[in-house]
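Read off the chains here:
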Amino acid sequence: MVRKKKKKLVDPYAKREASKYESPIASRELILEVLEKSDGPLPLSALHEALQVDSEKVVDALARRLGAMERDGQLIRNRQNHYLPITKVDLVRGRVMGHADGFGFLIPDEGGEDLFLSPFEMRTLMHGDRAVVRPIGKSKRGKLQGKLVEIIERSNKQIVGRYYQESGLGFVVPDNKRLNQDVMIPATDAMNATNGQFVVTAIIEQPNKSRQPIGKVIEVIGDHLAPGMEIDVAIRSYDLPYEWSDEVLQQVEQFSEQSIQQQLKHRKDMRELNFVTIDGLDAKDFDDAVYCESHDNGWKLWVAIADVSHYVETDTALDEEARNRATSVYFPERVIPMLPENLSNGLCSLKPEVDRLCMVCEMFISESGELKRHKFYDAVMCSSARLTYDEVQTILYDKDPEARENRQHLIGDLENLRSVYNALRKQRKKRGAIDFDTKETYFVFDQEKKIKAILPRQRSEAHMIIEECMINANVAAAEYITRCKLPTLFRVHEDPTVEKLRDMREFLESLGIGFSKADKPKPSDYMTVIKKISHRKDKHIIEMMLLRSMAQAVYSPESIGHFGLALPLYAHFTSPIRRYPDLVVHRTIRHLITKQNKDSFPLSQNDLVLLGEHCSMCERRADDATRDVDAWLKCEFMLDKLGQEFSGKITSVTGFGFFVLLDEYFVEGLVHVTALKSDYYHYDEQSHCLFGERSKKRYSLGDEVKIIVARVSLDERKMDFSLVLSDADKASQDKDGKKEGGKYRPGNKTSRSKTGKTKKAKVGAGNVQKVKSKKSKTKKHKTKKHQTRKRKKT
């Protein structure tokens, strides 16, 4: 009998692997395909046979690739040491999000419902770890639960916190409250740190079921209230890369202004056009410049973007570091850049009156504001002026004679920009894009680096001119890449989830505000509500609740559109100096405009999935770090205001109290329910309010109250307020006190006995009994810690 010759296995990604490796092996895609088509999990020997491995060199390389795929959660090994893809078993891979109270959640890589991880499961995990878990049903509150199967990546190599020593035992309390386990420090590894100092601790042994993590102090940062400590702590707490390797610095030193002149013959010369940059007063890295001309039935709009991809080439130390950072991080008066400063603030920055390399998006905008045509090309430009938002606002809208005289040669060009903006703005309103009027704040420091004031950041028409220009350039990039069918990273903003929509509808109904009943509401439905509430005193609180109902924008190779902007296609193209996804989009466009073979594009779909997840994580990390510094600085600013009285508005109501935003300083603090005297307060979930059992006093969203600053904690980044009672409330309190003989009548709440049966337990004043309206009787009780969130980025 003649044995049939085995058909040679064809790897569809063989060319890509050959371009990357001297001795190419099976691609990840082929390995997953072989495993998925097999009758079951495969031992290593069977996998070798299926992949037609024929040399020891390939065996070793394949072992490394399989290990990497395990670390990335693409496949796992069962108890028999057989390989199988994670998609073939009821397992979920994702990243762990810890909670200060000891439990945690697994955020699935593929999206979907988060899995609750009990304190027991979290004993071996830490915030940020990547793990594989098995869903094990729903909790009593209806939350999907998970059981740990495997830890695929440890996120915390170092931890920042305050060092303490008690009874001869040293330990570090992590500054990040999501890291809920103290790190034990042997006496010989404390580096002479003293009680209360901030330190950096290297993790020697990760936690397990029987003990906490063990570490050693590798850096003493300094004392608690030292100047700039808040940023030094945040950089290390959130593991933000902030130092450049020697290899990166050596690579950057090779770049010079001469390289720009050498590129002139290879690029379109745009130096005759009056490009201008328009940024904030404190900006140093200028990504984008704009120029506009009136054209038949519309305008020609040029958006020139710094050509970072010319300097940051793939597979270099500089590119690896930029990818690792993924974004620049902007703290008050300090920036941790994605690129070294001689690039970000130097050669790449579109400074005035110097030649710079750029990638240009040339667009034709119709009279109605529609993007009709666009094209991309490499160019050389020279910015005519560095303008600020305030200056442009003064020239175009305030019509200041002196400001217009100073920029006389640019007035016509700026008027063209205003005209095209008006058309683009109309088109934005027509498609129903969401436009929140949110307030952002900034700090004003004195010469000693102490906070002098906290002020709201004003958003003017000048800001919106640049915003609309950039949005349309981003849309053009996404359309061009999609039309040419090359993969890239898109900016994705999913529709709101069913659960969040339900909660939002109930909240709006409690305020007498209607909302679309459609299963999938449109962005225009949000704008309808925003218009309805424009006259209300609680407008900003309602907008905040609308914002919280929406998903967070992320980076993904799957282009499913941008809900908030009401756009079917969207990518980030306009900020490659400070965002790595923009750099990826630039490389994709260059691959197309230079007419390279699509098969030679270096990033596969799987590469982009992982890269999108990484960039999204880095963006969230940067947001968390800056938010943490802001909270620290606000607490520090309020330290000398203990006992002082302020007015404010209630921004959030929970079962444990309500949060108040101060009118004068834009800082937020908690009035805990135990600070509400002389009554028993109940939380009404439907109307989001606390109301007194006897007095019928209600505390609702948007209510104006007066408070006294009672407590400020820098460690917790929190403030506690106590209410200033009105004369009527004082009279009611005195009356109630006499009726009750100065004592509070105990209420009742349900607790669980050791036998598992419910019983009534006495509680004192300040406890809350939760009341559910008819519409929400079946809804499970969920209490979340309040988080102040900034406007989601587009």
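Residues numbered from 1 in each chain as written. Predicted model: local features only at pLDDT ≥ 70, side-chain atom pairs only at ≥ 80, totals over all residues. Heavy atoms only, no water.

Asks: I keep staring at the overall build of the protein chain and nothing clicks. Help me out?
Replies: Helix and strand counts for the protein chain stand at 21 helices and 36 strands. For the protein chain, the spread of C-alpha atoms along the three principal axes comes to 90 × 90 × 60 Å. Out of the 794 residues in the protein chain, the part that is buried amounts to 50%. Here the analysis covers contacts within the protein chain between residues at least 6 apart in sequence; of these, 65% occur between residues at least 24 apart. Entry remark: accessible area of the protein chain is about 39,800 Å², with carbon and sulfur atoms responsible for 49%. Positive and negative side-chain charges of the protein chain, numbering 132 and 118 respectively, have mean locations separated by a distance of 8 Å. (Helix = DSSP H or I, 4+ residues; strand = E, 2+ residues; numbered from the N terminus. Buried < 20%, exposed > 50% of the residue type's maximum accessible area, 1.4 Å probe, protein only. Contact = heavy atoms within 4.5 Å. Areas by Shrake-Rupley, 256 points an atom, 1.4 Å probe, with all protein chains shown as cover. Lys, Arg positive; Asp, Glu negative; His and termini not counted. Charge placed at Lys NZ, Arg CZ, Asp CG, Glu CD.)

Asks: I'm lost on helix H10 (residues 317-325) in this one. Help?
Replies: Residues spaced three or four apart along an α-helix point in a common direction, a consequence of the helix completing one turn every 3.6 residues. Where H10 is concerned, the buried positions are Ala317, Leu318, Asp319, Glu321, Ala322 and Arg325. If you follow the buried residues of H10, they end up packed against helix H7 (246-253), helix H9 (308-311), strand E18 (334-336), helix H11 (341-347), helix H19 (580-593) and helix H20 (605-638). Among the residues trailing H10, alanine 326 stands out with phi positive, at a value near 65°.

Asks: Mind showing me how you'd approach the environment of threonine 194 here?
Replies: You can see threonine 194 is positioned in the loop between strand E10 (183-185) and strand E11 (198-205). Expressed as a C-alpha distance, the spacing of threonine 194 and tyrosine 164, which sit 30 residues apart in the sequence, is 7.2 Å.

Asks: Whenever I open this one, the confidence of the model for the protein chain confuses me. Can you help?
Replies: Here the protein chain shows a mean pLDDT of 87. Residues at 70 or above account for 90%. Across residues 738-794, where pLDDT falls below 50, the model places 118 contacts with residues more than four positions away in sequence or in other chains. (pLDDT = per-residue confidence, 0-100.)

Asks: For this particular structure, what's the right way to read the packing of H10 against H19?
Replies: Describing two packed helices takes the angle between their axes plus the distance from one axis to the other. Relative orientation of the contacting elements H10 and H19 amounts to 130°, with a least axis distance of 9 Å. Between H10 and H19, the crossing angle belongs to the class labelled oblique. Two secondary-structure elements touch here, H10 through Asp319, Ala322 and Arg323 and H19 through Tyr580, Leu583 and Arg587. Classifying every residue of the contact of H10 with H19 by side-chain character gives three nonpolar, no polar and three charged. (Axes fitted to C-alpha atoms, helices over the stretch in contact; angles between N-to-C directions. Parallel < 35°, antiparallel > 145°, perpendicular 65-115°, else oblique. Nonpolar A, V, L, I, M, F, W, Y, C, P; charged D, E, K, R; others polar.)

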